[in-house]
Amino acid sequence: MQNKIQSWVDSGYYNGASIIIVKDDQTIYKNYFGPYKPGTVVFIASAGKWLAAATIAAVVDAGKLNWNDPVRKWLPGFVSKLRVYTISDQDDSGPWIRKTFPTLFYIVSPG
């Protein structure tokens, strides 16, 4: 891993990089590449999406979550406050949402 990341920095593909791997609350690997240091601040753009997906996949792999679990099983407070709005009820999404989530407050404004 170290050689690969260093090659990306050396080639200019990335300006620098910081890698920290933690297992069981212990840092097992830490390295900084290029000009990056512990205090380097960088924008990570939309990394939240893939990071969230990877985190959820790890929890699924650990057997603590199932891909098919309904959201309300783990976030009942979120689902109970969820509000869905639409400008059209011409497809089957409105009836499906009302059937699947009968306690939702649902507004339809036919166009």
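Residues numbered from 1 in each chain as written. Predicted model: local features only at pLDDT ≥ 70, side-chain atom pairs only at ≥ 80, totals over all residues. Heavy atoms only, no water.

1. Section: the layout of surface pockets
Volume-wise, the second largest pocket comes out at about 190 Å³. In this structure, the second largest pocket is lined by I56, L65, N66, W67, D69, P70, V71, W74 and L75. The class makeup of the residues in the lining of the second largest pocket is seven nonpolar, one polar and one charged. (1 Å grid on protein atoms, 1.4 Å probe; cavity = no way out; pocket = protein on both sides within 12 Å on 5 of 7 lines; lining within 4 Å. Points joined across faces, edges and corners; volume = space filled by probe spheres on them. Nonpolar A, V, L, I, M, F, W, Y, C, P; charged D, E, K, R; others polar.)

2. Some details on the side chain of N31
For N31, the location among the structural elements is in strand β2 (residues 26-33). Within the structure, the side chain of N31 is placed 3.4 Å from the side chain of Q2, a separation counted as a polar contact. Setting aside residues no more than four positions away along its own chain, N31 makes contact with Q2, A17, S18 and I19. (Helix = DSSP H or I, 4+ residues; strand = E, 2+ residues; numbered from the N terminus. Polar contact = N/O pair within 3.5 Å; in protein donor to acceptor, adjacent residues only side chain to side chain. Contact = heavy atoms within 4.5 Å.)

3. Focus on the packing of aromatic side chains
Counted under the stated rule, the structure contains two aromatic pairs. Geometrically, the ring pair formed by W8 and Y14 is edge-to-face, given 5.7 Å between the ring centres and 70 degrees between the ring planes. The exposure class of W8 is partly exposed, given its relative accessible area of 33%. Three or more aromatic residues link up through ring pairs in this structure, and these residues are W8, Y13 and Y14. (Phe/Tyr/Trp six-rings, centres within 6.5 Å; stacked < 30°, edge-to-face > 60°. Buried < 20%, exposed > 50% of the residue type's maximum accessible area, 1.4 Å probe, protein only.)

So far we have only geometry, and geometry alone does not tell us how the molecule works.
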